[in-house]
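Listed below are the residues making up each chain.
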Amino acid sequence: MSTAKAIAQDVRTGTRRAAAVLEEYLGRIELHDSDIHAFNTVTAEQARAAAASIDAAVSQGRDPGPLAGVPIAFKDNMCTRGVPTTCSSRMLETWSPPYDATVVQAMTAAGAVMVGKTNLDEFAMGSSTEHSAFGPTRNPYDLTRVPGGSSGGSAAAVAAGFVPLALGSDTGGSIRQPAALCGIVGIKPTYGRVSRYGLVAFASSFDQIGPFAADVADAALALEVISGHDPGDSTSIPTAVPDYDAALGKGVEGLRVGVISELTGGGRNGSRNGGGNGNLLEGIDADIAERVLEAADALAEAGAVVGSVSVPAVTYGLTAYYLIAPAEASSNLARYDGTRYGLRIDGADVEEMNRLTRRAGFGDEVKARIMLGTFALSAGYYDAYYGKAQRVRMLTRRDFDAAYADYDVLLSPTSPCVAFRFGERSDPMTMYRCDTCTIPSNLSGDPAMSVPFGTGTDDLPVGVQILAPALGEETMLTVAAALERAAPPLPAPQMAAGGASGGA
Ligand code: GLN
């Protein structure tokens, strides 16, 4: 299968036609998406028109851009003009936005060709894509298992070879965790690095858009295209976008890499100075922590200075997030009341219409979050819950700052476990624990990414998480590229063995 980089180069130089590339990918989707269900909508005709105009530009001697002719999928919570944007919810099942999200505009301007919108947990709330109102997405590595979530459709689409690139959103781990479970690369950029304009809001102080790709170079390329200041998002950072590709070849000699002791059990036999031993946070699989230590060894081998570092606040991250995120969601989702957007169930009066609409439009997980958030914000409880959670957020930032005084990047597992079976994590607490390692960087707003590194239980992919300080994407990518070079090769996805790769 070609990389996005190779496709764009071929299309720009006229070696391959965007139309031909597109048909190859549409063919794979046609053949295999009935097994995977990565897509809510496939926009084949629109894509054909876009590919034709790319080819026309090339033949007229114009350059369509750094992603010329690269098929791309957007998570179905990103606004696409005239194309359904459902958030995998009954509430928005028939809603098509009147405008494109800034990331959609940026991708299109760079020559990428949208092939469709991908499945997610309803309104991005979940870690398995089982909470989609339209049925779950299956993991291309094992069809009996989840792809992770909430951006499970985007992750599965890339892992299955349906697209070389996809975008997801990450509020508490929704890019990194599915990337890990599907054996691909996923980046959550610094909060504010990528515009949220046109991303349907879940928890606005955490939400961030980022790329999925089969390798680090493609992910870096996509990140560069979508990064940058956007006056349409008041939290967008007005800082120039670096040349991320240049960071990939830099090498890790002398870089200081800290392994987060709470998320890895303190290093092998506690030998990595400090952090202790046997304090692995509840629910993190030992063989996953082991892969992180192997990744650290590989970086040391490549010349990095590796140590163990304690970031105490990571142990409170989950609790704080599951108060703040629902609180913000309860406010953001108040707009779905039947008045202006999406579903409306008529009633005797406005209040009844609101009630009936919300009862029919939202699934159970979304309702649970709205109730939790409303409770956490209610008078009398605000200080005890929401206020306290915000203090944990401050603590997290402080602990990370302290760690980054000694280290350039940090390492941890991405997900505490490999891809699990459908229904296996049906109680909320077990499901929420999926986010243990990813949430801290949403609380701090710092960038983090997942890179495949070996396998765990049942030979399923394991992701190692690289964390960096705010706007530290370049160093993070340098380390990611080094890890990728050192990583043992992954087995092929189950469905690809059945012919999804089309022999390419
Ligand atoms: N799993 C987390 C949640 O359910 C994170 C979701 C996300 O990042 N969108 O809230």
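Residues numbered from 1 in each chain as written. Predicted model: local features only at pLDDT ≥ 70, side-chain atom pairs only at ≥ 80, totals over all residues. Heavy atoms only, no water.

### Let's talk about a nonpolar patch on the surface
Stage number 1. Taken together, Phe375, Tyr381 and Tyr385 make up a surface patch of nonpolar side chains, about 280 Å² in accessible area.
Stage number 2. Exposure remark for Tyr381: the relative accessible area of 37% places this residue in the partly exposed category. (Patch = residues over 30% accessible without salt bridge, like charges linked within 9 Å, V, L, I, M, F, W, Y side chains within 5 Å. Areas by Shrake-Rupley, 256 points an atom, 1.4 Å probe, with all protein chains shown as cover. Salt bridge = Lys/Arg side-chain N within 4 Å of Asp/Glu carboxyl O. Buried < 20%, exposed > 50% of the residue type's maximum accessible area, 1.4 Å probe, protein only.)

### Some points on the side chain of Gln177
Stage number 1. Topologically, Gln177 is positioned in helix α6 (residues 176-181).
Stage number 2. A relative accessible area of 0% places Gln177 in the buried class.
Stage number 3. Side-chain polar atoms of Gln177 contact the backbone nitrogen of Gly149, separated by 2.8 Å.
Stage number 4. Among residues more than four places away in sequence, those in contact with Gln177 are Ser127, Gly148, Gly149, Thr414, Ser415, Phe420 and Cys434. (Helix = DSSP H or I, 4+ residues; strand = E, 2+ residues; numbered from the N terminus. Polar contact = N/O pair within 3.5 Å; in protein donor to acceptor, adjacent residues only side chain to side chain. Contact = heavy atoms within 4.5 Å.)

### Examining the packing of aromatic side chains
Stage number 1. For the coordinates displayed, the defined rule picks out 15 aromatic pairs.
Stage number 2. Judged by centre distance (6.3 Å) and plane angle (40°), the ring pair of Phe39 and Phe162 falls under tilted. Residue Phe39 is located in strand β1 (residues 39-42), and its partner Phe162 is located in the loop between α5 (152-159) and β4 (165-170); the two are separated by 123 residues in the primary sequence. You'll find Phe39 and Phe162 in the same group, each marked buried.
Stage number 3. Each ring, one from Tyr322 and one from Tyr432, has its centre 3.9 Å from the other, and the planes form 15°; the classification is stacked. (Phe/Tyr/Trp six-rings, centres within 6.5 Å; stacked < 30°, edge-to-face > 60°.)

### Quick look at the pairing of strand β5 (residues 185-188)
Stage number 1. Burial of the side chains of β5 extends over both faces: Val185 and Ile187 are buried on one face and Gly186 and Lys188 on the other.
Stage number 2. Relative to strand β6 (residues 208-213), β5 runs antiparallel, the two sharing two bridges. Looking at β6, one finds that Gly186 is bridged to Phe212.
Stage number 3. In the sheet, β5 pairs with strand β10 (residues 448-455) via three bridges, with the strands oriented antiparallel. The residue of β10 that forms the bridge with Gly186 is Ser450. (Pairing = 2+ DSSP bridges.)

### Examining the side chain of Arg176
Stage number 1. Along the chain, Arg176 turns up in helix α6.
Stage number 2. Overall, the relative accessible area of 0% leaves Arg176 in the buried class.
Stage number 3. A distance of 2.8 Å separates polar atoms of two side chains, one belonging to Arg176 and the other to Asp170.
Stage number 4. Not counting residues within four places of it along the chain, the set of residues in contact with Arg176 comprises Asp170, Gly186, Lys188, Thr414, Thr438, Ser441, Asn442, Ala448, Met449, Ser450 and Gln465.

### Overview of unusual backbone geometry
Stage number 1. The peptide bond linking Gly149 to Ser150 adopts the cis configuration, its omega dihedral lying at 5°.
Stage number 2. Along the chain, the position of Ser150 falls in the loop between β3 (113-118) and α5.
Stage number 3. Not every positive phi belongs to a glycine, and Ala124 is a case in point at roughly 70°.
Stage number 4. Here Ala124 lies in the loop between β3 and α5.
Stage number 5. The backbone of Thr129 sits at a positive phi, close to 65°, despite the residue not being glycine.

### Notes on helix α2 (residues 18-36)
Stage number 1. In a regular helix each residue adds 1.5 Å, so 19 residues correspond to 27 Å; α2 covers 25 Å between its end C-alpha atoms and thus fits that length.
Stage number 2. Of all the bends in α2, the greatest measures close to 40° and is centred on Glu30.
Stage number 3. Those residues of α2 that sit buried are Ala18, Val21, Leu22, Tyr25, Leu26, Arg28, Ile29, His32, Asp33 and Ile36.
Stage number 4. With its phi angle positive at about 55°, His37 sits one or two positions after the end of α2. (Expected span 1.5 Å × (residues − 1). Bend = angle between axes of the 7 residues up to and from the residue.)

### Comments concerning the site of the ligand
Stage number 1. The environment of the ligand is formed by 15 residues, the closest being Thr171, Gly172, Ser174, Tyr321 and Arg369.
Stage number 2. Within the contact set of the ligand, an oxygen atom lies 2.8 Å away from a backbone nitrogen or oxygen of Thr171.
Stage number 3. Asp435 is positioned with one of its side-chain polar atoms (N or O) 2.9 Å from a nitrogen atom of the ligand.
Stage number 4. Coverage of the ligand by the protein chains reaches 100% of its 290 Å² of free accessible surface.
Stage number 5. When its residues are assigned to classes, the shell around the ligand shows five nonpolar, seven polar and three charged. (Near = heavy atom within 4 Å. Nonpolar A, V, L, I, M, F, W, Y, C, P; charged D, E, K, R; others polar.)

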